[in-house]
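Now for the letters of each chain:
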Amino acid sequence: MELRTLRYFVAVAEELHFGRAATRLHISQPPLSRAIKQLEADIGALLFTRSPTGVTLTPVGSVLLDEARALLDHADRLRARVGTAAGTAAITVGLLGDGTDPDTTRLAAAYRRHHPGVDIRIRDTDLTDPTCGLRAGLVDVALTRAPFDETALTVRALRTDPVGAVLRADDPLARRDRLHLADLDGRRWFRFPPGTDPAWQSYWNGGRPREGPVVRAVQECLQAVLWNGTVGLAPLGPDLPGELTVVPLVDMAPSRVVAVWNDGDANPLIRSFVEIATAAYRRP
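Keep in mind it's a predicted model, so treat the numbers as computed, not measured.

Draft legend 1. Representation of the pairing of strand β3 (residues 90-96) in the model. Taking burial as the measure, the 7 residues of β3 include 6 buried ones, the bulk of the element. Sheet topology note: the β3/strand β4 (residues 119-125) ladder contains 7 bridges and is parallel. Looking across to β4, one finds that A90 is bridged to D119. Across 3 bridges, β3 lies against strand β5 (residues 141-146) in parallel orientation. The residue of β5 that forms the bridge with L95 is L143.

Draft legend 2. A look at the pattern of salt bridges. On inspection of all chains with the given rule, the structure shows 17 salt bridges. For R20, the salt bridge is made with E15, and the minimal N-O distance between the two is 3.8 Å. Two residues, R50 and E40, come together in a salt bridge whose shortest N-O distance is 2.8 Å. Separated by 10 residues along the polypeptide, R50 in strand β1 (residues 48-51) and E40 in helix α3 (residues 29-43) bring together distant segments of the chain. R50 gets classed as partly exposed once you look at its relative accessible area, which sits at 37%. Where salt bridges share partners, they join D101, D103, R106, R145, R159 and D161 into one cluster.

Draft legend 3. Main features of the packing of helix α1 (residues 3-15) against helix α2 (residues 18-25). Where α1 contacts α2, the axes come no closer than 8 Å and their chain directions differ by 130°. With respect to each other, α1 and α2 are oriented oblique. Here α1 and α2 pass one another in a crossing that is right-handed. Across from R7, Y8, A11, V12, E14 and E15 in α1, the residues of α2 making contact are F18, R20, A21, R24 and L25. Classifying every residue of the contact of α1 with α2 by side-chain character gives 6 nonpolar, no polar and 5 charged.

Draft legend 4. Representation of the sheet that holds strand β8 (residues 232-235). Read across the sheet, 3 strands follow the order β8-β7-β9 without closing on themselves; strand pairing throughout is antiparallel. Since the sheet does not close on itself, it has two edges, and those belong to β8 and β9 (244-248), each with one partner. Geometrically, the sheet is characterised by an average inter-axis angle of 45° between neighbouring strands, direction not taken into account. Note: strand β7 (residues 163-168) against β8, 4 bridges, orientation antiparallel. Across the sheet, residue V166 finds its bridge partner in β8, namely G232. Across the sheet, helix α7 (residues 218-228) lies against β7, β8 and β9, angled at about 45° from β7, the strand it touches most.

So, how was this worked out
- Residues numbered from 1 in each chain as written.
- Predicted model: local features only at pLDDT ≥ 70, side-chain atom pairs only at ≥ 80, totals over all residues.
- Heavy atoms only, no water.
- Buried < 20%, exposed > 50% of the residue type's maximum accessible area, 1.4 Å probe, protein only.
- Helix = DSSP H or I, 4+ residues; strand = E, 2+ residues; numbered from the N terminus.
- Pairing = 2+ DSSP bridges.
- Salt bridge = Lys/Arg side-chain N within 4 Å of Asp/Glu carboxyl O.
- Axes fitted to C-alpha atoms, helices over the stretch in contact; angles between N-to-C directions.
- Parallel < 35°, antiparallel > 145°, perpendicular 65-115°, else oblique.
- Left-handed = near helix turned anticlockwise from the far one by under 90°.
- Contact = heavy atoms within 4.5 Å.
- Nonpolar A, V, L, I, M, F, W, Y, C, P; charged D, E, K, R; others polar.

What follows is the structure, encoded as structure tokens:
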């Protein structure tokens, strides 16, 4: 019984839907279904009752859920303690967005000072996964932007950034000092692929369904604006190519920069990371 399979099982048990669990884990549904069927075969009992609208836990599944959560928590603590004792402690950090952000640079320097012997691994992710692989167990902690589905996650707010509309410099709206979302009605927006976290998708689409090209990375967003005149949203601050500009949106909620990790993960390196991040992102 592999820990990854147990993580898959917990995701399905919490979502009560294979499709949503696959989206949360950022894997396709067929391998997830195969893994659960193999787990049921190994245990010798059904874990879920299937229906067209989703699944429910069987009595055996309910017992396994409690045990799986406890086992996964123990495995996380064990990994951290053994790594520390062996002098090979490591933490994997997921990053979404601009890794050259001055606050992120300050955090990196501060964390190295506090933990000079820790192997810090970085996983850079695209815009389709706001949790940076956290739910799939690919990272220990993520530096990202909200909103997204926070089920079974702990989120610490670090900073808020105002948001604006990214426009080509020759766009008539680019001459405005500020815009409202209604000013962008009827325009094509860049969108994220199907299966992307709904809260994340809705926020970056201004709270409404939009039509336009599908993108996965920041550079794809910028190129969609540059080549096609597509509209998109972005936090104010980062420098853009001279052909593009960002006009502040007065009726758009600020973008929250957050640190996020799995509920109950007692890894002391994560706790330290979050505390150092909170200090590093506090404006001087």
